[in-house]
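# Reading the structure
Each chain, letter by letter, is given below.
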Amino acid sequence: MPLHHPLHPLHPRRRFFTAPVIACLFFIAAMVWMGNSVAEGPLGMATERLHIRTVQGVLPGMRRSVEVRATMESAPKVDIPDISKAFKGTFEKEPAEYPRFRSLIGETPIIDLTMMANPKVEGVRVLAKCEFMNPGYSIKDRIAEHIIDEAEREGLLKPGMTIVAASSGNTGAATAMVAAMKGYKAIIITSPKCSREKMDAIRAYGAKLIVTAGGLKPCDPEHYMNMEKTLCDGNPDYFGVNQYDNILNPLAHYETLGPEIWSQTQGRVTHFVAAGSTGGTLSGTARYLKERSGGKVKVVMADPIGSIFYEYFKNGQLCDPEPFEVEGVGKDDIPGAMDFNLIDDAVRVSDAEAFKMCHDMARQEGVLAGGSGGLNVYAATQLANKATKPCTIVTVLPDSGIKYMSKIYNGDWLQKCVGMELPGDDSE
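A short tour of the structure in this document, coming up.

### Remarks on the overall build of the protein chain
- Tallying secondary structure elements over the protein chain gives 13 helices and 13 strands in all.
- In the protein chain, which comprises 428 residues, the share counted as buried stands at 46%.
- Contacts in the protein chain between residues at least 24 apart in sequence constitute 67% of all its contacts with a sequence separation of at least 6.
- Split by element, the accessible area of the protein chain, about 23000 Å² in all, is 54% carbon and sulfur.

### Thoughts on helix H13 (residues 411–418)
- The distance from a side-chain oxygen at the start of H13 to the backbone nitrogen of Asp-412 is 3.0 Å, and the residue carrying that oxygen is Asn-410.
- Downstream of H13 by one or two residues, Gly-419 has phi in the positive range, about 75°.

### Some thoughts on the packing of aromatic side chains
- If you walk through the whole model with that rule in mind, you get four aromatic pairs.
- Ring centres 5.7 Å apart and planes at 80° place the aromatic pair Tyr-254 and Tyr-288 in the edge-to-face group. Of the two residues, Tyr-254 sits in helix H7 (residues 248–255) while Tyr-288 sits in helix H9 (residues 280–293), which places them 34 residues apart along the sequence.
- Residue Tyr-254 is classed as partly exposed on the basis of its relative accessible area of 25%.
- Centre to centre, the rings of Tyr-312 and Phe-340 are 5.0 Å apart; their planes meet at 55°, and the pair counts as tilted. Within this pair, whereas Tyr-312 is found in helix H10 (residues 309–315), its partner Phe-340 is found in the loop between H10 and strand E12 (345–349), the two being separated by 28 residues in sequence.
- The ring of Phe-324 carries Lys-193 above its face, with NZ or CZ at 3.9 Å from the centroid.

### Focus: the packing of helix H11 (residues 351–365) against helix H12 (residues 371–386)
- Taken N-terminus to C-terminus, the directions of H11 and H12 make an angle of 95°; their axes are 7 Å apart at the nearest point. Classed by the angle they form, the pair H11 and H12 counts as roughly perpendicular. Contacts from Glu-353, Ala-354, Phe-355, Met-357, Cys-358 and Met-361 in H11 reach Gly-371, Gly-373, Gly-374, Leu-375, Val-377, Tyr-378 and Thr-381 in H12.
- For the contact of H11 with H12, the residue count by class is eight nonpolar, four polar and one charged.

The rules behind the values
Residues numbered from 1 in each chain as written. Predicted model: local features only at pLDDT ≥ 70, side-chain atom pairs only at ≥ 80, totals over all residues. Heavy atoms only, no water. Helix = DSSP H or I, 4+ residues; strand = E, 2+ residues; numbered from the N terminus. Buried < 20%, exposed > 50% of the residue type's maximum accessible area, 1.4 Å probe, protein only. Contact = heavy atoms within 4.5 Å. Areas by Shrake-Rupley, 256 points an atom, 1.4 Å probe, with all protein chains shown as cover. Polar contact = N/O pair within 3.5 Å; in protein donor to acceptor, adjacent residues only side chain to side chain. Phe/Tyr/Trp six-rings, centres within 6.5 Å; stacked < 30°, edge-to-face > 60°. Lys NZ or Arg CZ within 6 Å of the ring centre and 35° of its normal. Axes fitted to C-alpha atoms, helices over the stretch in contact; angles between N-to-C directions. Parallel < 35°, antiparallel > 145°, perpendicular 65-115°, else oblique. Nonpolar A, V, L, I, M, F, W, Y, C, P; charged D, E, K, R; others polar.

Printed below as a string of structure tokens:
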């Protein structure tokens, strides 16, 4: 057919119509070629790449060079895993072993409180064990668990029996807590000096609380420390914790608190500072640290003014006790669990000094500690300030300030009972 024939595909009147058709045919052919060239893309998707190279001068009137590139996302060439199948069995496995609350007793952190002191030489550190981070918010969780566990092993405490404990507060709360965990009834005996918060905690654990009269002499049968024995002697189904004379009290600290301090300081501890009450914390921890260090660790007892311990240690004499407000430390009698032979020195601390340190720690370090913690840290900082060479002084924060919001951290109580003002609000 001649080129000038009207029906010829390249006739001038038809070529503008025919060119797009031919281009489409090229495109379709390229698509077929592309189908055999599949590459794996992100997330496992198949990415098809189409390259139509330069088409130039194929037909009259196509004077331009054209390059077309197309990238197309298509469906994956492999099946997407069924989510239900992918997770099948995950929730059918046995759950991980989660701890019971009582298993959290011990292994408390140790913190740096050197900034509370003003040492004259470099290399002096003051560290404190945060015993308020035990489940019952006090160091006494250690002895309550140890004594009760051992009584069960020896057959002295059996199901259905009642646990009885005389306490200035924390051992009572710890005993009530452990008794609740193990399914025992508990009777706790304390004095009016015990804070309202600790009394409420004892009741919250389900224990019966007996509050004796205040100001009784240690020999009085109604003194809270004597009532435990009286109750247990009269009832064979009662088990007495006997924290003041029980050798398991210092043994609990010998086996736990002492090793923890040694490990956490990597054996660098040079001094251990703590107040005495039952003598368990001081004696048990001191014995371990002295044995472990070959006698190098020095032990300093902090004692509230009014307690008899300081005078007994210094002069071997029993003096008349005087009232003091710090709870859980000091005593008006010598308990059997206290071993003065392990003590190298003793310092006296007033209520005001102890409580001021409590407020200083709260406002400077955010540490809300009980009065015994303030007393211990004050004594530790005094030792640090007098140090003439590098040393690592470790003390304990026996309980939380939450237990004393109605007392130490209450302005009216501070003014009335200690004669000191609540530190002013410097937040504005």
